[in-house]
Amino acid sequence: MSTTLKFACDLKHGLHARPASLIAQIAEKAKSRVLVKKSGVAEADARSVLSVIALDIQPGDVWEISIDGADATTVSSEIDSLVRSHFGEKAGEDGEFIEAPARVPAALQRMGVQVVSGRPASPGIGRGAVVRVRSRSLEQSLADRAVEKPEDESRRFRRAIETAADEVERRLRRASGTSAELLAAHRLMLNDSELNAAVEQRIADGTGAERAVAQATEEFADRLKAANSTIIRERAADVHDLAIQILSAMGTEIGDEVPTLTEPSVVIADSLTPGQLLRFDASKLAGLVLGEVGLTSHVVILARSMGLPAIVGAPKQFLRAMAAQRMLVDGAFGFAVADPDERVLRLYGLDELAKSRRAEFLASFGTMGGKTRDGKSLEIGANASSAQDVGRAVAGGADGIGLFRTEFLYLGRTKAPTEAELFETFFGAARAAGGRPIVFRTFDIGADKPAPFLHLPFEENPFLGARGARLYRRHATLLRTQLRAIVRSSEVAPGTVRIMAPMITTVEEMKWFQAQVRAVEKNLANGGFTAPPLQVGMMIETPAVAASVASFAPHADFFSLGTNDLSQYWFAADRGNGEVAPLANELEPSFVRMLQRAVSDAHVAGKWIGICGEMASRTANLAILLALGLDEISVSGVSGAEMKHRLAGLSSDECKSALDAVLSNPHTQGGEWAGTLGAMGSHVSPIAVELIQLECAASTKEEAIREMVGILYSGGRTDRPGDLEEDVWAREAVYSTGLGFGFAVPHCRTKAVGSVSVAVGRLARPIEWGSNDGLPVRHVMMLAVPDGADAKAHLQVLAKLARKLVHEEFRGAVERVSDVRGMAELLKRELGL
């Protein structure tokens, strides 16, 4: 039997690697022959990820899948469902970095510093010794050797594939986030049927295994480079990476592809593969300067996930002929400075000082529990999927792990992980938590999270089908294996490990799940394992559960709101469908009222309740989450310390009152009210001790402004110091802000701050500022006002300062103050702030 499906591609980036790999997983288990066709152009074996993405199917292109074989009906249904689910991609959440032109900071322009411009790729400042990685073709890197019989060469190649796959698997178990996703993609590509067939054909023709690998992979890479899609062209680097891994498994190293770093270094290269980047000593990587590498390339995505400053698009002439020994990279502005002189080093040294002070300032919040300014406590947890994630979260000030996702250990695999593998991961995570609570969510497989080895049947609507806990009875052994591993891991710190079930809909499901946990505990106890019973909780992901929390409370020790799924079910809007996804607005009053009721019902029942959806990770929502009365929020992408700092500026009572007022207004719609609520509940004084520095090192006007901006950054008043500084210089260009008497008041309205803030600095050495009276400046008071705030506030503060400076008594008092607290009190009193 044969059938053909025809589609119009509606994926933003076309049929790229991820959707191609999902099709390949279905094709691999099918008995039928499955082909992907780009209408009127070419076709590819669906089992070959590389061949499918090389078809270069773009948004709007018509493409087909033909299935010919005994199970054609089943396979066509599975693929049809996959395509109609948009391959599980979420509209508007592709994490794309916004393309921006390079800028040169006003300070460097004033200093006449020569820079090399590229394009911003990964923000941050890095500097270090220049280390070059030169690109060579794979064949040029191979040494000559005698070719053995084809069958022996083929055997070497197959062993190398297995060895490389084992190595990827080993690294994958220790990876998380972007690194894990990249390694999972490489694991699939290592088994690419057409690539491997191309290698085998060359070997059969008498080519040695190494050279066959080099030739076949370079041919595939060339096909990808010819694609119209930027994102597909950029996958050529991944193919090059595969070749390096396979050749390495054969004992052939490709020259000095990854030099050993002996000090903080900036790596310069025309291009770099993700594997090369991962093999560098990350602790010594200070930055990347790359050639024509795209912003959606895996190496750039990886750099951003590592927090590594990077620019791309550096001129070829610079990359190849540059003789600099040292390099400074500004990944936010998109330029590099070769052999920076003392002036540049002093300027950027101030940035490093500010960064260090900010870490120190926020760390003071990370070591204590989250608390509002009116004394309300709120636990700040973190989301994680590996022991490394847990370690970073704890170091960043998290009180615990509110969601440890375990399904990543199952996805993209051809067989289930063993209990030993799972235990190693869970034990490591629990140990990294250091006695803090850690919630393991049992595997949430199904819908957009396929596990090939489970061979799940076709479903018309997988998001409403068998997923999460709904699969557990059918795969009870798989669940028991995972539960055993989790329970055993609790020996690290008894009482801290908790278990949470996903996608529970009925009370009967929750009772069954809890019974499975108790049965596992009893079984382990019979074998001599001793540990107190674990707390067993559940996620609230369906409106049915949110409306019946009291019914579930007797059978759940705790709850966690999973707002990603809960919002799409509440609004009946598929998050993967760009046409309707905006309907699932988590700030719509009806949705917030539902959350409010669920929290209230849980507390009436005496149960702890947190939240772990993406709604919790948006700092702008903090005031709302506080007002809901949650016990915990579990966040990703934001440090716990930073969240606690923001929490400290909020009033729980004021936020609750503001939320009640919003929700009681029948005319409230959308989410525009959220920002207002946050502002109502937040009161931050423009002047604070952490914004005052009485021993400033600046020796020029450029350094002084950089140092004042650094004070606002280290004091948590801005996350965009570069933009703030440019706004200050734009105002300074109109006229000098040197007001005379040794005082300067640089100021601006800017989007880079959230509240009116004043940074105060006393310079060790007075500096020229261009003041009206010609006197050098000793005191700098930088005023930053949020763009959009009341313009009068800006002018009033400025006018007060100007009037005060006329009076010698005020100037004398400022000069005599010897400590930051005294300065803060003086300015607050005199300026009425």
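Here, every reference points to the structure presented above.
As a starting point, this report considers the structure included with it. If you're wondering where the values come from, they're calculated on a predicted model, not measured in any experiment. (Residues numbered from 1 in each chain as written. Predicted model: local features only at pLDDT ≥ 70, side-chain atom pairs only at ≥ 80, totals over all residues. Heavy atoms only, no water.)

## Describing the overall build of the protein chain
So, point 1. Within the protein chain, the secondary structure is distributed over 33 helices and 26 strands.
So, point 2. For the C-alpha atoms alone, the extent of the protein chain along its principal axes is close to 95 × 70 × 55 Å.
So, point 3. When burial is assessed residue by residue, the protein chain has 56% of its 833 residues classed as buried.
So, point 4. Look at the contacts in the protein chain between residues 6 or more apart in sequence, and 71% of them connect residues 24 or more apart.
So, point 5. If you sum the accessible surface of the protein chain, you get close to 34100 Å²; carbon and sulfur atoms cover 51% of it. (Helix = DSSP H or I, 4+ residues; strand = E, 2+ residues; numbered from the N terminus. Buried < 20%, exposed > 50% of the residue type's maximum accessible area, 1.4 Å probe, protein only. Contact = heavy atoms within 4.5 Å. Areas by Shrake-Rupley, 256 points an atom, 1.4 Å probe, with all protein chains shown as cover.)

## Description of the environment of Thr668
So, point 1. Assignment of secondary structure puts Thr668 in the loop between α27 (652-664) and α28 (673-681).
So, point 2. A relative accessible area of 15% means that Thr668 is categorised as buried.
So, point 3. In sequence terms Thr668 and Lys31 are 637 residues apart; their C-alpha atoms lie 56 Å from each other.
So, point 4. Beyond its immediate chain neighbours, meaning those up to four positions away, Thr668 contacts Pro589, Val662 and Trp673.

## Some details on the sheet that holds strand β17 (residues 535-540)
The strands making up a sheet are joined through hydrogen bonds of the backbone, oriented either antiparallel or parallel.
So, point 1. Taken together, 8 strands build a closed barrel; the order of strands is β13-β14-β15-β16-β17-β18-β19-β20 and the barrel is parallel. Averaged over all neighbouring strand pairs, the angle between strand axes comes to 30 degrees, with direction disregarded.
So, point 2. Pairing of strand β13 (residues 379-384) with strand β20 (residues 632-635), which is carried by 4 bridges, proceeds in the parallel orientation. Within β20, the residue paired with Ala382 across the bridge is Val635.
So, point 3. Seen against the sheet, helix α17 (residues 419-433) touches β14 (400-405), β15 (438-441) and β16 (497-501) and runs at an angle of roughly 155 degrees to β15. (Pairing = 2+ DSSP bridges. Axes fitted to C-alpha atoms, helices over the stretch in contact; angles between N-to-C directions.)

## Description of the sheet that holds strand β1 (residues 2-8)
So, point 1. The 4 strands are arranged β1-β4-β2-β3 in an open sheet whose pairing can be described as antiparallel. Bordering the open sheet on either side are β1 and β3 (42-45), each of which pairs with just one other strand. Strand-to-strand twist across the sheet, computed as the mean angle between neighbouring axes with direction ignored, equals 20 degrees.
So, point 2. In terms of strand pairing, strand β2 (residues 33-38) meets strand β4 (residues 62-68) through 6 bridges, oriented antiparallel. Bridged to Arg33 within β4 is Asp68.
So, point 3. Across the face of the sheet, helix α3 (residues 72-84) comes into contact with β1, β2 and β4 while running at roughly 10 degrees to β1.

## Things to note about the packing of aromatic side chains
Ring pairs (aromatic) are described by centroid distance and by the angle formed between their planes.
So, point 1. Enumeration according to the criterion identifies 11 aromatic pairs in this entry.
So, point 2. Here the aromatic rings of Phe7 and Trp63 are separated by 5.0 Å at their centres, their planes lie at 35 degrees, and the arrangement is tilted. Of the two residues, Phe7 is situated in strand β1 and Trp63 in strand β4; the sequence distance between them amounts to 56 residues.
So, point 3. You can call Phe7 buried: its relative accessible area is 10%.
So, point 4. Seen from their ring centres, Phe423 and Phe427 are 5.3 Å apart, and the 40 degrees between their planes marks the pair as tilted. In this pair, Phe423 and Phe427 are both assigned in helix α17, 4 residues apart and thus about one turn of the helix distant.
So, point 5. The ring of Phe333 has Arg103 sitting right over it, with the charged end atom 4.2 Å from the ring centre.
So, point 6. The ring of Phe741 is capped by Arg811, whose NZ or CZ atom sits 3.9 Å from the centre of that ring. (Phe/Tyr/Trp six-rings, centres within 6.5 Å; stacked < 30°, edge-to-face > 60°. Lys NZ or Arg CZ within 6 Å of the ring centre and 35° of its normal.)

## Some thoughts on the packing of helix α32 (residues 808-816) against helix α33 (residues 820-831)
So, point 1. Between α32 and α33, the shortest axis-to-axis distance is 9 Å and the interhelical angle comes to 160 degrees. As the angle between them shows, α32 and α33 are arranged roughly antiparallel. Of the two possible hands of crossing, α32 and α33 adopt the one that is left-handed. When α32 is examined against α33, the residues Phe810, Ala813 and Val814 are found in contact with a partner set consisting of Met823, Leu826, Leu827 and Glu830.
So, point 2. A breakdown of the residues in the contact of α32 with α33 according to their chemical character gives 6 nonpolar, no polar and 1 charged. (Parallel < 35°, antiparallel > 145°, perpendicular 65-115°, else oblique. Left-handed = near helix turned anticlockwise from the far one by under 90°. Nonpolar A, V, L, I, M, F, W, Y, C, P; charged D, E, K, R; others polar.)

## Thoughts on helix α26 (residues 640-648)
Note on helix geometry: an α-helix contains 3.6 residues per turn, so any two residues three or four positions apart are oriented the same way.
So, point 1. Across the 9 residues of α26, 7 count as buried, placing the element largely inside the fold.
So, point 2. Within α26, the full set of buried residues consists of Gly640, Ala641, Glu642, Met643, Lys644, His645 and Leu647.
So, point 3. Elements that come into contact with the buried residues of α26 comprise α15 (342-366), β13, α24 (614-617), α25 (622-628) and β20.

Purely geometric numbers; function is a separate question.
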